[in-house]
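These are the residues of each chain, in order.
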Amino acid sequence: MSPKAGPAETRDFYIGLTLAVSSSIFIGSSFIVKKKALIKLSTHSTRAGDGGFGYLREWLWWAGFLLLAFGEFCNFLAYAFAPATLVTPLGALSVLVAAVMSSYFINEALNLLGKIGCCLCILGSIVMVVHAPEEETCNSLEELGRRLQDPAFITYGVLVLIMAMLLICYYAPRYGQTNILIYITICSVIGSLSVMACKGLGIAVKEFFEGKPAAQNILTWICIFCLIVFITTQMNYLNKALDMFNTSVVTPIYYVFFTSSVILASCILFQEWMRMNTQDVLGTLAGFGTIISGIFLLHAFKDVNISWTDLPSTTRSNDKNGSTKKHNFFILEPCR
């Protein structure tokens with residue numbers, strides 16, 4: 001946050017920060033609750049990954065849905081008070097929440113490297129927040145409407161929609177159940193547009209409470225329509241990803257792809273990087289690189305059974321002749 005920020009800006013910053021952290025906790029918890037519902041349904045109903053919708057009749061899934069909805073609502077409010085480049089990286093907390101809860105409630109192993117990966121995600125997010133560019137002021141629907149007409153953002157939006165349609169219509173039916181990136185990419189690129197719509201709706205809500213005729217502005221209703229369509233699409237393919245793949249893997253990969261897409265869309269729409277100095281650019285890239293490293297540890301070594309006791313250690317024991325022998329142990333076994 002800029003040190004020159006006034007009292008109002010400081011208040012909004014901390015409100016947005018609190019809402020973003022709360023959102024991550026609720027969203028991370030929702031992954032686990034919904035996963036338990038999908039596991040329960042897999043024994044007597046068509047799996048979501050196979051096109052089934054039996055989860056709509058399961059109360060536990062709806063509990064997870066309500067947690068997710070409340071988390072997204074907090075996230076929506078956070079975007080209204082703070083820039084996307086602050087709110088989005090804090091989504092890494094949902095990685096930690098989901099990974100820890102999955103090891104306790106659904107018996108999905110999280111080894112030592114996975115725990116280190118979670119910590120790296122958190123540290124990287126903190127670095128990104130510290131060096132995040134300030135969002136250029138955009139406090140009215142009129143100004144947002146002008147920004148949405150920028151050729152660069154229009155090009156981005158068209159490319160995202162083409163990519164999403166190609167993945168949904170061609171790649172998902174063929175490779176979705178074997179390649180985790182298919183479903184997650186769909187959620188992420190569509191999610192970047194939903195965040196921009198969420199930001200617009202947040203501005204509309206602010207204008208409404210300020211007594212301005214926000215409800216009469218067509219842009220408000222366009223944002224609402226886009227949110228409904230985009231979030232519905234995200235929910236559908238996120239369910240498929242959670243049903244087919246390990247939660248501790250889905251959550252962090254989804255975070256990286258989603259964060260990258262949102263930051264890219266936000267930079268194009270608000271042009272924040274134009275005002276960053278070299279130190280902040282390097283800090284932001286270093287933070288994101290740290291997150292990528294954490295994701296690699298979570299994904300690449302998820303099937304390796306390693307704990308603190310398996311780290312290289314040196315012990316001494318006496319043989320029959322009284323001499324001292326040195327033994328080094330480093331054991332890596334696949335999870336069973």
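Residues numbered from 1 in each chain as written. Predicted model: local features only at pLDDT ≥ 70, side-chain atom pairs only at ≥ 80, totals over all residues. Heavy atoms only, no water.

Undergrad: Before we move on, can you summarise the overall build of the chain with the specific residues and values?
TA: What the chain contains, in helices and strands, is 11 helices and 4 strands. The proportion of buried residues among the 336 residues of the chain is 48%. Residue pairs in contact within the chain that sit at least 24 positions apart in sequence constitute 78% of those at least 6 positions apart. With the model as given, the accessible surface of the chain reaches about 17,300 Å², and the carbon-plus-sulfur share is 66%. (Helix = DSSP H or I, 4+ residues; strand = E, 2+ residues; numbered from the N terminus. Buried < 20%, exposed > 50% of the residue type's maximum accessible area, 1.4 Å probe, protein only. Contact = heavy atoms within 4.5 Å. Areas by Shrake-Rupley, 256 points an atom, 1.4 Å probe, with all protein chains shown as cover.)

Undergrad: Lay out the nonpolar core in plain terms, naming residues and giving numbers.
TA: If you look at the biggest cluster of nonpolar residues, it comprises 84 residues, and the most contacted ones within it are M196 and V250. It is helix α8 (residues 180-209) that provides the largest number of residues to this core, a total of 16 residues. (Core = buried A, V, L, I, M, F, W, Y, C linked by side-chain atoms within 4.5 Å.)

Undergrad: Can you explain the layout of surface pockets? Please cite residues and give values.
TA: Regions of empty space are outlined by a rolling probe, equal in size to a water molecule, passed over the atoms. Here the second largest pocket defines a volume of roughly 650 Å³. I27, L68, E72, N75 and F258 are, among the 31 residues lining the second largest pocket, the residues nearest its centre. Only α1 (7-41), α2 (59-81), α8, α9 (218-244) and α10 (247-270) provide two or more residues apiece to the lining of the second largest pocket. Ranked by the residues each element gives to the lining of the second largest pocket, the list is headed by α2, at 8 residues. When grouped by side-chain class, the residues that make up the lining of the second largest pocket number 20 nonpolar, 10 polar and 1 charged. (1 Å grid on protein atoms, 1.4 Å probe; cavity = no way out; pocket = protein on both sides within 12 Å on 5 of 7 lines; lining within 4 Å. Points joined across faces, edges and corners; volume = space filled by probe spheres on them. Nonpolar A, V, L, I, M, F, W, Y, C, P; charged D, E, K, R; others polar.)

Undergrad: So, the packing of helix α7 (residues 151-175) against α8: which residues are in play, and what are the values?
TA: Two numbers describe how α7 lies on α8: the axes approach to 9 Å, and their chain directions differ by 155°. Looking at the two axes, α7 sits roughly antiparallel to α8. The two elements α7 and α8 cross, and the hand of that crossing is left-handed. When α7 is examined against α8, the residues F153, Y156, G157, V160, L161, M163, A164, L167, I168, Y171, A172 and Y175 are found in contact with a partner set consisting of I182, Y183, T185, I186, V189, I190, S192, L193 and M196. Residues of the contact of α7 with α8, tallied by class, amount to 18 nonpolar, 3 polar and no charged. (Axes fitted to C-alpha atoms, helices over the stretch in contact; angles between N-to-C directions. Parallel < 35°, antiparallel > 145°, perpendicular 65-115°, else oblique. Left-handed = near helix turned anticlockwise from the far one by under 90°.)

Undergrad: Talk me through helix α5 (residues 112-131); I want residue IDs and the actual numbers.
TA: Here α5 contains 20 residues, and its C-alpha end-to-end distance of 29 Å stays within 8% of the 28 Å for a straight helix at 1.5 Å per residue. Residues of α5 that are buried: L112, L113, G114, G117, C118, C121, I122, G124, S125, M128, V129 and H131. (Expected span 1.5 Å × (residues − 1).)

Undergrad: I'd like a rundown of the environment of F73, residues and numbers included.
TA: Its location among the elements puts F73 in helix α2. Each C-alpha atom of the pair F73 and S23 lies 7.7 Å from the other, and the pair is 50 residues apart in sequence.

Undergrad: Break down a nonpolar patch on the surface for me, with residues and values.
TA: Together, L96, V100, Y104 and F105 make up a nonpolar patch on the protein surface, roughly 410 Å² of accessible area in all. Here F105 is to be found in helix α4 (residues 92-105). (Patch = residues over 30% accessible without salt bridge, like charges linked within 9 Å, V, L, I, M, F, W, Y side chains within 5 Å. Salt bridge = Lys/Arg side-chain N within 4 Å of Asp/Glu carboxyl O.)

Undergrad: Quick rundown of the packing of aromatic side chains? Include the residues and the values.
TA: Following the criterion strictly, the structure yields 8 aromatic pairs and no others. Measuring from ring centre to ring centre gives 6.0 Å for Y171 and Y175, while their planes differ by 35°; the resulting arrangement is tilted. Separated by 4 residues within a single helix, Y171 and Y175 lie in helix α7, roughly one turn from each other. On the basis of relative accessible area, Y171 is assigned to the partly exposed category, the value being 32%. Ring geometry for F208 against F209: centres 5.5 Å apart, planes inclined by 80°, an arrangement best described as edge-to-face. Through pairs of rings, three or more aromatic residues link up here, namely Y170, Y171 and Y175. (Phe/Tyr/Trp six-rings, centres within 6.5 Å; stacked < 30°, edge-to-face > 60°.)

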